[in-house]
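# A structural walkthrough
Residues per chain are reported as follows:
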Amino acid sequence: MLNPTEQTRLLQMESSFSSEFGSAAKIAVRAPGRVNLIGEHTDYNDGFVMPAAIERSVLMLAAPSNTGRIQVHALNYNQSSTFSIEGVQPTGDSRERWSNYLRAMVWVLQGEGISVPGLNMVVQGDVPLGSGLSSSAAMLVAAGLLLSEAAQSPLSPVQLALLAQKAEREFVGVNVGIMDQYISALGKQAHALLIDTRSLEYEAISLPVSGVSLIIADTSKRRGLVDSEYNTRRSECERAVEILSQHLPQIKALRDVSVEQFLSLQQHLPEPVRSRAKHVITENQRTLDMAEALKLGDMQRCGKLMNESHQSLQIDYAVSCRELDAMTEAARSLQGVYGSRMTGAGFGGCTVSLVADEALENFQRELPRIYQQHTGLEAALLVSKAAPGAERIL
Ligand code: GLA
């Protein structure tokens, strides 16, 4: 189901497709970006996350070409790229970097025995890049859906997410968890998903339809450092499991350690491993608590959990930055704001705040003003309802 902006974008893309290739597109797909409400850096610890898909997406159109090649035009860059399907590698062309996502996905599908046909394609997206709203997951999930449909080898949404995650790991070289690809593939309108990243099952949690809004605010600080720091955090978590398993032999991941167990064993962990483990273990609990609070409509509690999550990411996990801290502080200083936290991997990107409807206008006016006073940077607000996950639209 397309929102009005996507409908307009699709029409423009259809006309670009005909002028580029002289025929009409036969397949079209959309895949959304996401915002994570809570459960940060828990997914590679087999833990819980609670993202929602957003009304920003990647759209892709295609028609089979019988050429053995993929010829793709990206409207955002007004650039084209052509590559042969045979012998494709996950790290492909360096000039049109955006096209590497497609190459990576072709390569991953081929690894599954799916033979992708030659295609003409047009791609367009409106998920802001480098803002922590998962533009790359949207690109990979859209590519996976389109290519598997073109190959007449439909994938289940969970398979699609797992293959997009594989492509991201191979291509980007960051050992990411499953959250971003999963929510892009399985998102549900008006709901966040409480995802168990171990069993890969979810519970849809309905978001309040009135009374409060979730507002995304972009710090306009692009994520730096994130790749190497991400992999470092991951190894620190693994180290914590190694040490804790000497006392709790049954544990496989930090997901298996309760807050009480952590408190009684924390003295065995050196810093910074102890703080990292503390974040993950308490964040898992906060994510489960947030699901309960949302079901009860307890916004005060939701906001408090979001604030605690931010503090834990800032102090114990050390993945926040000056801009994210300034933005969340500015949000919390405003009336009618229940809570505010960074969202995504960190080191820049966006915050998400829970704001009472009657305070929304004031929030939208004041947040950018205060943020600019403190940082000299411009904030961009993004208002979105929870959107459906990836789907074929033609
Ligand atoms: C990135 C990764 C996700 C997740 C978040 C942090 O978005 O792609 O798998 O680990 O960071 O919660």
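Figured I'd write up the structure that's included with this text. Note that the coordinates shown come from a computational prediction; the quantities given were computed from them, not determined experimentally.

## Concerning the pattern of salt bridges
Taken as a whole and judged by the stated rule, the model has 24 salt bridges. Across the pair E238 and R234 runs a salt bridge whose closest N-O atoms are separated by 4.0 Å. Of this pair, E238 and R234 both sit in helix α6 (residues 226-244), four residues apart, which is roughly one turn of the helix. Under the relative-accessibility criterion, E238 is labelled partly exposed at 45%. Note that R365 is salt-bridged to E366, the shortest N-O span being 3.7 Å.

## Digging into the nonpolar core
M60, I70, M105, M121, L146, L147 and M290 are the most contacted members of the largest nonpolar core, which totals 83 residues. By residue number, the principal contributor to this core is helix α3 (residues 135-150), which donates ten residues. Each residue touching M105, except ones within four places of it in the same chain, is listed here: L140, A143, G144, L147, L163, A164 and A167. Core analysis: the next-biggest nonpolar cluster, separate from the first, contains 29 residues, V174, L254, V280 and L313 among them.

## Some words on the sheet that holds strand β5 (residues 79-84)
With respect to topology, six strands assemble into an open sheet ordered β5-β4-β6-β3-β1-β13, the strand pairing being mixed. Each of the sheet's edge strands pairs with one partner strand only, and the pair in question is β5 and β13 (391-392). Of the pairings in the sheet, the one linking strand β4 (residues 69-74) to β5 comprises six bridges and is antiparallel in character. Bridging from a neighbouring strand, R69 pairs with S84 of β5. On top of the sheet, α3 reaches β1 (27-36), β3 (51-64), β4, β6 (119-125) and β13; it is set at about 155° to β1, its chief contact. On top of the sheet, helix α5 (residues 179-186) reaches β1 and β3; it is set at about 130° to β1, its chief contact.

## Observations regarding the sheet that holds strand β10 (residues 337-343)
Spatially, four strands are ordered β10-β11-β9-β12 in an open sheet, and the strand pairing comes out antiparallel. Across the chains shown, the open sheet's two edge strands, defined by having one partner strand only, are β10 and β12 (380-383). When the angles between neighbouring strand axes are averaged without regard to direction, this sheet yields 25°. Pairing between strand β9 (residues 212-218) and strand β11 (residues 350-356): seven bridges, direction antiparallel. Paired with L214 across the bridge in β11 is L354.

## Points about the site of the ligand
In the vicinity of the ligand, the residues found are R34, E40, H41, D43, Y44, V176, G177, M179, D180, Y230 and A345. Interatomic distance of 2.7 Å between a side-chain N/O atom of E40 and an oxygen atom of the ligand. Measuring from an oxygen atom of the ligand, one finds a backbone N or O atom of G177 at 3.0 Å. Look at the ligand: alone it shows 310 Å² of surface, and the protein chains cover 96% of it. When grouped by side-chain class, the residues that make up the shell around the ligand number five nonpolar, two polar and four charged.

## Structural notes on α3
Structurally, the α-helix is built with 3.6 residues per turn, so residues lying three or four positions apart point the same way. With 16 residues, α3 ought to run about 22 Å at 1.5 Å a step, and its terminal C-alpha atoms sit 22 Å apart, in line with that. At the C-terminal side of α3, Q152 shows a positive phi close to 55°.

## With respect to the packing of aromatic side chains
A ring pair, where both rings are aromatic, is described by two values, the distance of the centres and the angle of the planes. Evaluation of the coordinates by the stated rule reveals four aromatic pairs. Ring geometry for F17 versus F21: centroids 4.9 Å apart, planes at 55°, classification tilted. Here the residue F17 and the residue F21 both occupy positions in helix α1 (residues 4-21), the gap between them amounting to four residues, near one helical turn. Take F17 and F21: they sit in the same class, and that class is buried. The cationic tip of R233 hangs over the ring face of Y317; the distance from NZ or CZ to the ring centre is 5.9 Å.

## As for unusual backbone geometry
In this model, E271 is joined to P272 through a cis peptide bond whose omega is 5°. Topologically, P272 is positioned in the loop between α7 (259-265) and α8 (273-296). With a phi angle near 60°, D46 is a residue other than glycine that sits in the positive phi range. Secondary-structure assignment places D46 in the loop between β1 and β2 (48-49). Even without glycine at this site, Q152 takes up a positive phi of about 55°. Note that Q152 resides in the loop between α3 and α4 (157-172). Residue class for Q152 comes out exposed when judged on its relative accessible area of 71%.

Thresholds applied
- Residues numbered from 1 in each chain as written.
- Predicted model: local features only at pLDDT ≥ 70, side-chain atom pairs only at ≥ 80, totals over all residues.
- Heavy atoms only, no water.
- Salt bridge = Lys/Arg side-chain N within 4 Å of Asp/Glu carboxyl O.
- Helix = DSSP H or I, 4+ residues; strand = E, 2+ residues; numbered from the N terminus.
- Buried < 20%, exposed > 50% of the residue type's maximum accessible area, 1.4 Å probe, protein only.
- Core = buried A, V, L, I, M, F, W, Y, C linked by side-chain atoms within 4.5 Å.
- Contact = heavy atoms within 4.5 Å.
- Pairing = 2+ DSSP bridges.
- Axes fitted to C-alpha atoms, helices over the stretch in contact; angles between N-to-C directions.
- Near = heavy atom within 4 Å.
- Polar contact = N/O pair within 3.5 Å; in protein donor to acceptor, adjacent residues only side chain to side chain.
- Areas by Shrake-Rupley, 256 points an atom, 1.4 Å probe, with all protein chains shown as cover.
- Nonpolar A, V, L, I, M, F, W, Y, C, P; charged D, E, K, R; others polar.
- Expected span 1.5 Å × (residues − 1).
- Phe/Tyr/Trp six-rings, centres within 6.5 Å; stacked < 30°, edge-to-face > 60°.
- Lys NZ or Arg CZ within 6 Å of the ring centre and 35° of its normal.

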